[in-house]
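Residues per chain, in single letters:
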Amino acid sequence: MTLLEVSRLSLRFGGIQALDRVDFEVNPAEIVSLIGPNGAGKTTVFNCLTGMYVPRGGDMILTPSKGPPRRLNGLKPNQVTELGLARTFQNIRLFPSLTVLENVMIGRHCRTSAGVLGAVLRGRGTRAEENEILARSYDLLLRFDLDRQANDMARNLPYGAQRRLEIVRALATEPALLLLDEPAAGLNTMETQILDDLITRIRDESGVAVLLIEHDMSLVMSLSDRIYVMDYGRMIAGGRPEEVRDDPAVIKAYLGEAADAPPA
Amino acid sequence: MPRDHHPFPWAEIKRSLLVSLWFMFLTFPVMVIRVNTVERTVEWRWNNMVLVGAGSFALSFVWRWLMARREAGRVRAERGEQGAETWTMRIQGLRELRLPGLLAGALFIAAFPFIFSTYQVNIMITALMYVVLGLGLNIVVGVAGLLDLGYVAFYAVGAYGYALLNHHYGLGFWAALPLGAALGAVFGILLGFPVLRLRGDYLAIVTLGFGEIIRLILENWNAFSFGPSGIAHIDRPGLFGLNLDLDWTMKYLFFIMIALVLFTVFVVDRLQNSRIGRAWLALREDELACQAMGIDKTRTKLTAFALGATWAGMIGVVFAAKTTFVNPASFTFMESAIILSIVVLGGMGSILGVIIAAFVLMLLPEYLRAFSEYRMLLFGASMVLVMVFRPQGLITRVRRRYEYPLPQGLPDRRGADDPA
Amino acid sequence: MDYFLKLFLGGLTKGSIYALIALGYTMVYGIIQLINFAHGEIYMIGAFTALIAASVLGFLGFSQLAILVLASLVAVIYSAAYGLTVEKVAYKPLRQAPRLSPLISAIGMSIFLQNYVFLAQTSDFLPFPALIPEFDFWAPYAHIISSVELAIILTTAAIMVVLTLLIKFTRMGKAMRATAQDKEMAMLVGVDVDRVISITFIIGSSLAAVGGVLIASRVGQINFYIGFIAGIKAFTAAVLGGIGSIPGAVLGALVLGWTESFATGYVSSDYEDVFAFCLLVFILIFKPAGILGRPDAQKV
């Protein structure tokens, strides 16, 4: 059963066709990469999936493991997250004045339910829920090596740790599919390797599928089960890493016409 | 041996001189000349010119010094150095002070109305009312980050609610109190619902508009609200049917307000340290990321807005009972601005800060009689100064350090930097 | 028909004044995305300064024409000076701060200036001399529109033309447009952004001063609080037309002026201010971008 099926997704911005009948799919516990030159529309796809943009045409269907298929079109961002789709952002968007632990605890919001009355009365149910939030959040921090900074403010973390925190926060929402937008941007080789292991662990330990936008080709090739390539708002290729790497359309998109010219 | 380690600061003096000249020029018409076109007189007040000149000269040095400090602080923050623990943070951490402090406070409060005159008690009641109003608005502005400039509308709703119900149906204070709170909540939801999706500045203006509309309706819809003359002879709070005189009513109201303040502090503190409190903070930090984490921003905003309004409505009832008279002139934009400055001055989100700020802003003009004329002037100036030099307010908010229960079998690696 | 014409022209007059003030709001918002709450007070200070100048000049025995010109000049100079000072003190230090901060600072400034004038002068309504005389040659039409009102409309129209030419054809105008579109980019290509911002405040404040003098001449009295109401209405006008857009400010101001005029003329005059506020709330709820505005997108 396909986890996420996107068909004929289209979106215009004024005179520009940002997305032109984009098709792709993601299967459960799969790592899929979305690559392409800058401006190809990759983040736009993410924004459509998460309800920040409203697509003009096409369907986005999410089928979580327990439940019927749900059409994501027209849903608000928080509804999409509740259904099981969580994301990170190209320019990290943590909550800078909150602590590391609190950032992750926010992720648990959509899986818990205490309201105003619960907050004020703090009955047994609410207290149990708070403890559960704390425990699960700290557990996540532990698993991803952020527990020592639990009480530090998020804005004081080094860059690599911030990127990691953003992913952990998204994981706290218990997604079926994790959308990572350029998670390796600004990371050095060693940090990128750590990221590689982290993403693989996420897939292996939690069964979460990952769809990532990336420019770091070695990371993409190493991680991905499948790769999709976009250019000018269109999906121009899709398949296993080896297939995509040798696809002439992909080479042309990245390197231009000159790549076609026969060697002199 | 060089003698010039500290050369005479001519450049600095010259700058301050220029600033002083500029302000003397700027304020010349308004401060020096006073026209009275009714009596056709012109009054020249040259002493003001001297005042402005000397004052701006001196303040110019202070300003530049404060700016330099601000820059230094900013450079340190950019370099990533953790801010040094401010003295306010340190005081909040002093656990040993708590019990004796509370005991002393309780004794003082119990004795207060019997030591001081009715007039003083009256002032203190007003201060306590603004404490609650400040805490209420603090939820909206300080925690959730929604700039509400029309808070006075909910205050008016509570006050007029009690006034009208008392006038037409003889409803008593104690019955009106929860009703006022409920009215506040209802209006909070009604007014909040259409506007909370607006961006910060627009939200501010719309709420201001709402506040003014309500005041204007109260002023002009004579049939309903009795217009500018207002409603008088509102019942004071009764104590088991006893009819209290002014003196005892004030003492009574004082204790009622103390109770309400304690109640409010309790509720607000619980709210801030809960699931919903965290959601509000996240909303204030980054609305977009907040939504991406599954938080329904509209519902969260509306909850904050309505809760804030509830307190205003409640205190509105107290106001009507205390003054026994309400009219639209008590509910101007200036009221909203005063309450806002309490929140801003106190430190957005800090309960202790708001309490202190309310006392400072309410009591200082009373006890420094000479300055009470300049009260609004100082409000305005302090809002600007706080934003420029100390945006975090009086009390730096201490982020909660969690003592998390460690699930079985997980290693405890907290030792490193957890002094608590 | 005469009544309709009277209301129409009355609305046009009001709208002209609102336009003069609204331009200040919209230009400042376009450049630094700040609602200059204190702008209404600049308008009020312009009127007060004109009054003070006119009184002193009157005592010194200047002719009415000289008083009009000189008092207006003084008002403009002082309003520009106040606008400049407010910017340097309350807004410039907060350019990097989160958006709530300069807004609160602006509110504080507004309160400060109101009370400054109140304390330094008086809380009473002060009669304002009719600086613009009733022209004899206009008498036959005076029942439809007075000389003062005509003067207001013509002055505003002339100012609009000059402003448009300035923005469109001068180097400074180009710099202002560039800074409004992308402040960082403008800085990178060598535009002195600080200077552009200062000039924007100067122009906005000067226009407000002219508005202050004109309307004070017409209404006949001023007090320290007139800035608040005029400010809100002018802001409504700016938002109505699309904040950040200069033609929008003028359009919004005219719409507001006519709405007020016809509503009070045909419906009820008690609720005059309520119309402006309701219009404001309505526009912000249903179309915050305004008539000519474009909703700005947020890059994620």
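Residues numbered from 1 in each chain as written. Chains lettered and ligands numbered in written order. Predicted model: local features only at pLDDT ≥ 70, side-chain atom pairs only at ≥ 80, totals over all residues.

Trainee: Before we move on, can you summarise the packing of helix 6 (residues 152–169) of chain B against helix 8 (residues 200–220) of chain B with the specific residues and values?
Mentor: All names here are of chain B. Viewed as axis vectors pointing N to C, helix 6 and helix 8 meet at an angle of 30°, and their least axial separation amounts to 8 Å. When the axes of helix 6 and helix 8 are compared, the pair comes out roughly parallel. Counted together, Val152, Ala153, Ala156 and Tyr160 of helix 6 and Phe210, Gly211, Ile214, Arg215 and Leu218 of helix 8 form the full contact between these two elements. For the contact of helix 6 with helix 8, the per-class residue count stands at 7 nonpolar, 1 polar and 1 charged. (Axes fitted to C-alpha atoms, helices over the stretch in contact; angles between N-to-C directions. Helix = DSSP H or I, 4+ residues; strand = E, 2+ residues; numbered from the N terminus. Parallel < 35°, antiparallel > 145°, perpendicular 65-115°, else oblique. Contact = placed C-beta atoms within 7 Å. Nonpolar A, V, L, I, M, F, W, Y, C, P; charged D, E, K, R; others polar.)

Trainee: Break down the interface of chain C and chain B for me, with residues and values.
Mentor: Where interface size is given, it is often the accessible area lost as the parts come together that is meant. Counting residues at the interface gives 49 residues for chain C, matched by 42 residues for chain B. Among the elements of the structure, helix 2 (39–59), helix 3 (64–91), helix 4 (100–120), strand 1 (126–127) and helix 11 (272–286) of chain C are those that each provide at least two residues to the side of chain C that touches chain B. Top element by residues in the side of chain C that touches chain B is helix 4 of chain C. It accounts for 15 residues. For the side of chain C that touches chain B, the per-class residue count stands at 38 nonpolar, 8 polar and 3 charged.

Trainee: Kindly report on the pairing of strand 3 (residues 31–35) of chain A, identifying the contributing residues and their values.
Mentor: All names here are of chain A. With 5 of 5 residues buried, strand 3 is to be regarded as a mostly interior element. Of the strand pairs in this sheet, strand 3 and strand 8 (residues 209–213) are connected by 4 bridges, and their pairing is parallel. Each residue of the ladder has a partner; that of serine 33, found in strand 8, is leucine 212. Pairing of strand 3 with strand 9 (residues 226–231) involves 4 bridges; the strand directions are parallel. Each bridged residue has a counterpart across the sheet, and for isoleucine 35 the counterpart in strand 9 is valine 229. (Buried ≥ 20, exposed ≤ 12 C-beta atoms within 10 Å, placed from the backbone. Pairing = 2+ DSSP bridges.)

Trainee: Please set out the interface of chain A and chain B residue by residue, giving values where relevant.
Mentor: Of the residues lining the interface, 39 residues belong to chain A; the matching set on chain B comes to 36 residues. Of all the secondary-structure elements, those providing two or more residues to the side of chain A that touches chain B are helix 2 (77–83), helix 3 (100–107), helix 4 (116–121) and helix 5 (124–143) of chain A. The element best represented in the side of chain A that touches chain B is helix 5 of chain A, accounting for 6 residues. Partitioning the side of chain A that touches chain B into residue classes produces 17 nonpolar, 13 polar and 9 charged.

Trainee: Tell me about the domain arrangement of chain A, and please be specific about residues and values.
Mentor: Residues and elements named next belong to chain A. When cut into domains, chain A gives domain 1 (1–84 + 174–264) and domain 2 (98–170). With centres defined by C-alpha atoms, the gap from domain 1 to domain 2 works out at 28 Å. Contacts between the two partners involve 12 residues from domain 1 and, on the opposite side, 9 residues from domain 2. If you list the elements that add at least two residues to the side of domain 1 that touches domain 2, you get helix 2, strand 7 (177–181) and helix 7 (189–206). (Domains from an automatic or database assignment.)

Trainee: I'd love a proper account of helix 5 (residues 147–169) of chain C, names of residues and values included.
Mentor: All names here are of chain C. Between its first and last C-alpha atoms helix 5 spans 33 Å; for 23 residues at 1.5 Å apiece the expected length is 33 Å, and the two agree. For helix 5, the complete set of buried residues consists of Val148, Glu149, Ala151, Ile152 and Thr156. Each element contacted by the buried residues of helix 5 is listed here: helix 1 (2–32) and helix 8 (193–219). (Expected span 1.5 Å × (residues − 1).)

Trainee: Explain the packing of helix 5 (residues 118–143) of chain B against helix 14 (residues 333–346) of chain B residue by residue, including any values.
Mentor: Residues and elements named next belong to chain B. Where helix 5 meets helix 14, the axes come as close as 8 Å, and the angle between the chain directions of the two elements is 70°. Classified by the interaxial angle, the pair formed by helix 5 and helix 14 is roughly perpendicular. Here Tyr130, Leu133, Gly134, Leu137, Asn138, Val141 and Gly142 of helix 5 lie close against helix 14, whose contacting residues are Ile339, Leu340, Ile342, Val343 and Gly346. Residue composition of the contact of helix 5 with helix 14, by class: 8 nonpolar, 4 polar and no charged.

Trainee: Report on the confidence of the model for chain C, specifying residues and quantitative values.
Mentor: The share of residues in chain C with pLDDT of 70 or more is 93%, and the mean pLDDT across the chain is 85. The complex prediction reports pTM at 0.86, with the ipTM value standing at 0.90. (pLDDT = per-residue confidence, 0-100.)

Trainee: Account for helix 15 (residues 351–367) of chain B, with residues named and values stated.
Mentor: A rise of 1.5 Å per residue sets the reference length of helix 15 of chain B, with its 17 residues, at 24 Å; its end C-alpha atoms lie 24 Å apart and thus fit the reference within 8%. Along helix 15 of chain B, the residues that are buried comprise Ile351, Gly353, Val354, Ile355, Ile356, Ala357, Ala358, Leu361 and Met362 of chain B.

Trainee: Lay out the sheet that holds strand 2 (residues 16–26) of chain A with the relevant residues and their values.
Mentor: Residue and element names in this part refer to chain A. A sheet is described by the order of its strands in space; here 4 strands give the open sequence 2-1-4-5, paired in antiparallel fashion. Pairing within the sheet leaves two strands with one partner each, and these edge strands are strand 2 and strand 5 (70–71). As judged from the 7 bridges shared by strand 1 (residues 4–13) and strand 2, these two strands associate in the antiparallel manner. Paired with leucine 9 across the bridge in strand 2 is valine 22.

Trainee: Quick rundown of the environment of alanine 114 of chain A? Include the residues and the values.
Mentor: Of note, alanine 114 of chain A is situated in the loop between helix 3 and helix 4. Judged by the 21 C-beta atoms lying within 10 Å of it, alanine 114 of chain A falls in the buried class. Distance from alanine 114 of chain A to valine 210 of chain A, taken between C-alpha atoms, is 30 Å for residues 96 residues apart in sequence. Non-local contacts of alanine 114 of chain A, meaning those with residues more than four positions away in its chain, are made with Ala119, Thr126 and Glu129 of chain A together with Ser274 and Arg275 of chain B.

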